[in-house]
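Each chain, letter by letter, is given below.
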Amino acid sequence: MVFLHSQFLHPLLPQGQDSQANQKLGKEISQSGQGYFSLLKQEIEALTEQSSSKNHQLRKQLDAIPRIQEVNQQRSQLQDKMWSYTQASIDNDRDRLIQAYQKHIKGLSQLELNPNLLIPKHQSKVDIHRMPGGYLEEQGDDDFWTGVLYDHGVFLYGIGWLGSLNDELGHTIIEQVLKSHYPEFNPQQILDMGCSVGHSTLPYTQAYPDAQVWGIDLGASLLRYATARANGLGKKVYFAQQNAEQTDFPDHSFDLVVSHILMHEVPNVAKQRVFKESYRLLKTGGIMVHLDSLLFLSPPNPAARYFRDTEVYYNSEPFVGCANLDDLNNLALEAGFAPQNCHLYQVSGYYSQQQGSTQPKWLAFCGVKG
Ligand SMILES: C[S@@+](CC[C@H](N)C(=O)[O-])C[C@H]1O[C@@H](n2cnc3c(N)ncnc32)[C@H](O)[C@@H]1O
């Protein structure tokens, strides 16, 4: 079995999937990643034996190797194949999905959409991860298809390592950051910024059952889906279409403000605004945690660095190349957090840890509002 977990087929996901075809695609994704890194390692060793290259020289040298050019193209092709495959499973179950969506969205008042929301150009201009139509695709007032595409696509892309509900990141902040480092902390008002379909948002309802949990995102289709999905899974979350850089919530609204893999997908100017907004929204004593991939924020070796930097071109990740740890610390100080209240935790993933891995996978940047 290639997938660490099977996807939990809640009603908003395509049913009747071909599990053999899923396995075949998962294997291709997994082998392509492993093959890519061993090729890079081999070529980097050969190059660094010849001379001690600086990072930008190494990048140019790697870019010039025909086999690397070829596998870089294959990275994009495989990503496109994964999305087409996901779309085909959705198309096969279209009528039932519409009924499931209508059933689970009906009568719900926990969704606030804002058709007049000004969408930042850094999001409207790109299809991040080469996802067709991007996060903001929407055809009509009832559109929830971007959500289905993201929910199923992310599971295949992550080959099940994010858990059967794609919820590893939420559990990781809760268990490896909050419960480990702030065990007395019991937030009552929680905000998840850039929540997408709520994968990481839902675990907070379980960990803090008395809390009111909010998820905000720019995409209306994602949020409609998030609302119906949460309902289908029996969880109560308030979702709102808002810009995390400038929300509508009053000052001091939340005890906990979190984001999961938002940082590497926005430019530095947006990160700066998100940190300021997090500070404004927190109550005194409240905690901000922005979690992202270690590989993206602080690539641990030259192969990882090359992979990270070339994600810009081959996986439509325009801002990943400028993601930088030191910047986050500066942004937190600029936003108002005191230096002694800023902490960085390197943590393994919630599900990877259950497999016995202690290898750091995620970076959680925390600020406590003094
Ligand atoms: C990688 S996805 C996040 C996934 C999600 N947090 C999770 O853990 O499953 C990034 C999300 O951030 C949203 N986003 C990007 N910029 C944003 C902004 N300024 N305000 C709110 N959401 C934003 C995108 O629409 C997208 O849904």
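Note on numbering: residues in each chain are counted from 1, in written sequence order. Selection of residues for local features in this predicted model requires a pLDDT of at least 70, selection of side-chain atom pairs for listing and counting requires 80 or more, and totals for whole chains, interfaces and linings are taken over all residues. Just so you know, side-chain values use all the structure's heavy atoms and leave hydrogens and water out.

Visitor: Could you give an account of the packing of aromatic side chains, naming the residues involved and the relevant values?
Guide: In summary, the pairing rule links any two rings of Phe, Tyr or Trp, Trp by its six-membered ring, whose centres are within 6.5 Å, and it sorts them by plane angle into stacked for under 30 degrees, edge-to-face for over 60 and tilted for everything else. Enumeration over the complete set of coordinates arrives at 15 aromatic pairs. Ring centres of phenylalanine 249 and phenylalanine 254 lie 5.0 Å apart, and the angle between their planes is 90°; on these two criteria the pair is classed as edge-to-face. In this scheme, a residue with accessible area under 20% of its type's maximum is buried, one over 50% is exposed, and one in between is partly exposed, where area comes from a 1.4 Å probe on protein chains only. Exposure remark for phenylalanine 254: the relative accessible area of 2% places this residue in the buried category. Feature note: the residues Trp214, Tyr238, Phe249 and Phe254 constitute an aromatic cluster, connected by ring pairs. Above the plane of the ring of tryptophan 145 lies arginine 94, whose end atom (NZ or CZ) is 4.1 Å from the centre. Any Lys NZ or Arg CZ found within 6 Å of a ring centre and within 35 degrees of that ring's normal is scored as a charge over the ring. Positioned above the aromatic ring of tyrosine 279 is the side chain of lysine 369, whose terminal nitrogen or guanidinium carbon lies 4.5 Å from the ring centre.

Visitor: Kindly report on unusual backbone geometry, identifying the contributing residues and their values.
Guide: Non-glycine residue arginine 130 carries a positive phi angle of around 65°. Inspection of the secondary structure assignment puts arginine 130 in the loop between α5 (121-124) and α6 (145-157). Phi is positive for serine 316, close to 45°, though the residue is something other than glycine. Tracing the chain through its elements places serine 316 in the loop between α12 (302-314) and α13 (325-335). The buried category is assigned to serine 316, whose relative accessible area is 18%. The helix count covers DSSP runs of H or I at least four residues long, the strand count covers runs of E at least two residues long, and both are numbered beginning at the N terminus.

Visitor: Break down the site of the ligand for me, with residues and values.
Guide: If a single non-hydrogen atom of a residue is within 4 Å of a molecule or strand, that residue counts as near it. Near the ligand you find 21 residues, and of these Gly194, Ser200, Asp217, Asn243 and Ala244 are the closest. Under the rule applied, a polar contact is a pair of N or O atoms within 3.5 Å (in protein, one hydrogen donor and one hydrogen acceptor; residues adjacent in sequence only if both atoms are side-chain atoms). One of the backbone N or O atoms of glycine 194 is found 2.8 Å from a nitrogen atom in the ligand. A distance of 3.0 Å separates a nitrogen atom of the ligand from a polar atom in the side chain of glutamate 245. Values of accessible area rely on a 1.4 Å probe in the Shrake-Rupley scheme; residue burial ignores everything except the protein chains shown. Calculation on the ligand without its partners gives an accessible area of 600 Å², and the protein chains cover 99% of this total. In this count, Pro and Cys sit with the nonpolar residues alongside Ala, Val, Leu, Ile, Met, Phe, Trp and Tyr, while Asp, Glu, Lys and Arg are called charged and the others, Gly among them, polar. Looking at the shell around the ligand residue by residue, the class counts come to 10 nonpolar, 8 polar and 3 charged.

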